[in-house]
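For reference, the chains in residue letters:
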Amino acid sequence: MPGERLAVRDASEVGRFPGVAPPTRVELTIHKEGEKKEEEGGCRRWLRKAFPCCCQRQNSASLDVTDRVELVAPPTPPLLPEPPKSTPENGELKEMEEMKLSVCSVDLLSSKTGQNRAEHHTDMYHGDELIVRRGQSFQIEVEFNRPFDTDTDKLHLDMRTGPLPTVSKGTHATVLLVDSPEDKRWAAKIVEQSGNKVKLSVNSPASAVCGLYGLTVTCGATTGEATTTHSCSRNIVVLFNPWCEEDTVFLDDEEERKEYVLNDTGRIYYGTEKQIGARTWNFGQFHEGVLEACLFILEKSNIPPSGRGDPVNVVRVISAMINAQDDLGVLVGNWSGDYSDGVSPTAWSSSVEILRKYHSSDGFPVSYGQCWVFSGVTTTVLRCLGIPARSVTNFQSAHDTDVSLTTDIYLDENMDPIDYLNSDSVWNFHVWNDCWMARPDLPPGHGGWQAVDSTPQETSQGTFRCGPASISAIRSGQVFLKHDTPFVFAEVNSDKIYWQRNLDGTFSQIYSEKKAVGHYISTKASGSDERADITHLYKHQEGSEEERIAVETASRYGSKPNTYSSPVAEDVSVEVKIDDEGARMGADAQLSILVKNLSSHPRRTTLHSQVAVMYYTGVVKGTIKKEQISVELQPNEEKTIEWVLPYQQYQNQLVDQAALMLTLSGRVNETQQVLANQTTFRLRTPDITIKPLGEAVVGKEMAAKITFTNPLPRMLVGVVFRVEGLGLQKGHEVVVGDVGAHSTVTLTEHFIPTQPGPRKLVASLDCKQLTQVHGVADIVVLEK
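Just so we're clear, the structure is a prediction, and the values are computed from it rather than from any experiment. (Residues numbered from 1 in each chain as written. Predicted model: local features only at pLDDT ≥ 70, side-chain atom pairs only at ≥ 80, totals over all residues. Heavy atoms only, no water.)

Focus: the overall build of the protein chain
In terms of helices and strands, the protein chain carries 14 helices and 41 strands. Out of the 784 residues in the protein chain, the part that is buried amounts to 51%. Accessible surface, the protein chain: about 37,300 Å² in total, of which carbon and sulfur atoms supply 50%. (Helix = DSSP H or I, 4+ residues; strand = E, 2+ residues; numbered from the N terminus. Buried < 20%, exposed > 50% of the residue type's maximum accessible area, 1.4 Å probe, protein only. Areas by Shrake-Rupley, 256 points an atom, 1.4 Å probe, with all protein chains shown as cover.)

Quick word on the packing of aromatic side chains
By the definition in use, this model includes 18 aromatic pairs. Pairwise contacts between aromatic rings join Tyr-260, Trp-436 and Trp-449 into one cluster. Positioned over the ring face of Trp-449 is Arg-390, at 3.9 Å from the centre of the ring. (Phe/Tyr/Trp six-rings, centres within 6.5 Å; stacked < 30°, edge-to-face > 60°. Lys NZ or Arg CZ within 6 Å of the ring centre and 35° of its normal.)

A closer look at the environment of Ser-111
Within the fold, Ser-111 resides in the loop between β3 (103-107) and α4 (115-119). A sequence separation of 20 residues divides Ser-111 from Ile-131, and the C-alpha atoms of the two residues are 9.7 Å apart. Apart from the residues lying within four places of it in its own chain, the contact partners of Ser-111 are Arg-117 and Asp-128. Within the local environment of Ser-111, its side chain forms a polar contact with the side chain of Thr-113, the two groups lying 3.1 Å apart. (Contact = heavy atoms within 4.5 Å. Polar contact = N/O pair within 3.5 Å; in protein donor to acceptor, adjacent residues only side chain to side chain.)

Concerning the sheet that holds strand β39 (residues 744-751)
Sheets are built from strands that pair by backbone hydrogen bonding, the pairs being arranged parallel or antiparallel. On the basis of which strands lie adjacent, the open sheet formed by three strands has the order β35-β36-β39 and antiparallel pairing. Each edge of the open sheet carries a strand with a single partner, namely β35 (689-693) and β39. On average, each strand axis in the sheet is tilted by 20 degrees relative to the strand beside it, whichever way the strands run. One ladder, built from five bridges, connects β35 with strand β36 (residues 702-709); its direction is antiparallel. Within β36, the position partnered with Leu-693 by the bridge is Ala-703. (Pairing = 2+ DSSP bridges. Axes fitted to C-alpha atoms, helices over the stretch in contact; angles between N-to-C directions.)

Describing the pairing of β36
As paired strands, β36 and β39 are joined by eight bridges and run antiparallel to one another. Counterpart to Thr-707 in the pairing with β39 is Thr-746.

Digging into helix α5 (residues 254-262)
Residues that lie three or four places apart on an α-helix share one face, since the helix turns once every 3.6 residues. By the burial criterion, the buried members of α5 are Arg-257, Glu-259, Tyr-260, Val-261 and Leu-262. Residues of α5 that are buried sit in contact with β4 (130-133), α9 (371-385), β17 (389-399), β20 (448-453) and β26 (519-524). Where α5 starts, the residue carrying a side-chain oxygen 2.9 Å from the main-chain nitrogen of Glu-255 turns out to be Asp-253.

Regarding the UniProt feature "binding site: Ca(2+)" (unreviewed entry) in the protein chain
The feature "binding site: Ca(2+)" (unreviewed entry), as annotated in UniProt, sits at Asn-493, Asp-495, Glu-542 and Glu-547 in this numbering. A compact arrangement is adopted by the annotated residues: their sequence extent is 55 residues, whereas the largest C-alpha distance between any two is 11.4 Å. In this fold, Asp-495 is placed in strand β24 (residues 495-501). Classification of Asp-495 by relative accessible area gives buried; the value is 0%. Note on placement: Glu-542 falls in the loop between α12 (535-538) and α13 (545-555). Leaving out residues up to four positions away in the same chain, Glu-542 has contacts with Asn-493, Lys-514, Lys-515, Val-517, Gly-518 and Glu-547. At 2.5 Å, the side chain of Glu-542 forms a polar contact with the side chain of Lys-539. (UniProt positions renumbered as here; feature names shortened; annotations may be inferred.)

Digging into the sheet that holds strand β28 (residues 572-577)
Taken in spatial order, the three strands make up an open sheet running β28-β29-β32, and their pairing is antiparallel. A strand with exactly one partner marks an edge of an open sheet, and here the two such strands are β28 and β32 (638-645). Strand-to-strand twist across the sheet, computed as the mean angle between neighbouring axes with direction ignored, equals 20 degrees. Pairing analysis gives eight bridges linking strand β29 (residues 589-597) to β32, with the strands arranged antiparallel. Each residue of the ladder has a partner; that of Lys-596, found in β32, is Glu-638.

A word on empty space enclosed by the protein
Inspection of the entire model under this criterion finds two cavities of 30 Å³ or more. Quantified by volume, the largest cavity comes out at close to 60 Å³. Elements supplying a minimum of two residues to the lining of the largest cavity: α5, β13 (265-272), β17 and β26. Residues of the lining of the largest cavity, tallied by class, amount to two nonpolar, three polar and five charged. (1 Å grid on protein atoms, 1.4 Å probe; cavity = no way out; pocket = protein on both sides within 12 Å on 5 of 7 lines; lining within 4 Å. Points joined across faces, edges and corners; volume = space filled by probe spheres on them. Nonpolar A, V, L, I, M, F, W, Y, C, P; charged D, E, K, R; others polar.)

As for α13
Within the sequence span of α13, burial applies to Glu-547, Arg-548, Ala-550, Val-551, Thr-553, Ala-554 and Ser-555. Tucked inside the fold, the buried residues of α13 contact α10 (471-476), α11 (485-493) and β24.

Structural notes on the side chain of Ser-665
Among the structural elements, Ser-665 can be located in strand β33 (residues 659-667). Note on Ser-665: relative accessible area 13%, which makes it buried. The residues contacting Ser-665, other than those within four sequence positions of it, are Met-415, Thr-606, Leu-607, His-608, Leu-675 and Ala-676.

Next up, the structure:
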């Protein structure tokens, strides 16, 4: 710096030039331009002594000005030391500054095709950010201003997440340089050194907080001199790690990890137990903007960053944030049938648009969702964060509103339902999620699949959320284990109890159905598009001793612990049968009622039947047909009664899922045995047909022919198609308009595939008169 004095001392003092004669001591002062000189240099002093007449100092008070000074060359002087040639550019000041270690740049080695992303199974995420999984080492490259000397230099990294990073809370990690990193703590090791560059292998603990981290590199000398710090311009995303044995989300099956973490498409099931429908859902957890949206949801949830290392906490928060009920979460639930100011729940076939829309609007809830949409988005978010997850459908799913762990149906003296008391319901189907994790907060044996539900039904600790509830605990009836195990148990294994009002206003239990709830619990099979029945994971075989023990164990913790009374003898049964295809939309619905007399005596009864249009949640919109059927049975006789619902009676009454519920009730005259049966069924809708045209090659245009035929004898108004294919084309709408009775619509989509491998092109139809119409085509895209 100007004004500083640089002294070149005896070489023996410096110790850098042994054996060289010590130079003359020289002091050099560097002045800023225009600055007054306070001392003369050695040469100037020598000239003034040799030629005093020419080198007289000017008196500061003199007004004389010397216009020209002539110098006569002096005789050769005796040996004199040469003036030093040191300058600020090549002096020791610069040399010493160069010796001080500093970071020039940090390369996170974050390319999608690089080693980090491949080893961490994050190469499918969009973009070139460094995305890693905890409990596993990753590499970064640091470039210094000079070669790093492990003997005299030191460095450490700082990883910070959250607004107030704290070491004690795990949100600020100091990563020290060590020779052999330990698995359970942050550490770094030099694995390669070339010139000024050093490659570090950084290890994170399997319990690290997940989320967005900032990185700084601090370096200096081991002698304790001043350090320099370099802040990396790019962030690091740390996710849960199902591949790491120490991580609580570890899943010890590579095929299941491919399915429940890496698969970005899936199947969601709906309908009724006798007519199970399936639709393809694009989870799209690796799609552009989805990871950012998931991290945004965590930020918006106000979960402390220190709590983001525990998957139980994260899953519980996600189940609350996917619905907008009380925290302005992602999706607004709507079961009204009016979706004019949003998107109909049946029109969605992907989570991508929903999450990106929520993020881009800075957290404004998206309209609208129902259970399968909530579940699809939950699967996306959990898989994106690294938690194994799947969408699960339970048919005949009970909704227990009073924690009785039974589904209660109240009848008056005439056996008619008492609507204001019948708050419990049984949904045709309900979709939630399973997620995989250990449960160190529960007794041993309760890890593995956990049920989590984002559909807002009942509050849990004041918030609309549900789970994670151990499926093992549900199966054994241990409903006292957290979180929300009683509610899920009632959904899959509660008994349906019928209560009749007495003349004095009290109620008596008159009948119970022990197999009415929790059928064909379904999820997509690992590695294929087949349906996997996982009912056995949630409950023991119906009617087995283990299953009844589980039910009675659970009931003791409910609000009606004395529900179960002595069993009643039964010798007449009633059952409803639906053929394989089921009732078709636009035609008369035909069912068969099978009544059996298992005794050796004649039996007579009158069956009261009523059919109601209902939402798939089990909420009845209204009854559209009632009738009474007299039945006489001889000993050991069975009769089949054909039951028909004409199209004209339901054509203007249907709601979203085209669901109907047939209720049968009666009493056997001879024994006073109560007969009760509720059967839900839906009217089958046609599929959309998608036929790929041409060869599927990355970068080459191809087409697909989409065909749909209106099954109704009336016009469909305002038909809109939604088409999307991950790696094929972006989701978009095609407005078709009105489609006449029994008319066929054909669309041809042109697109250019962008990603190789097996892909799915999905289409869905949205209109007021017809819902749950969709189709899918499998397309294998070749490399260019």
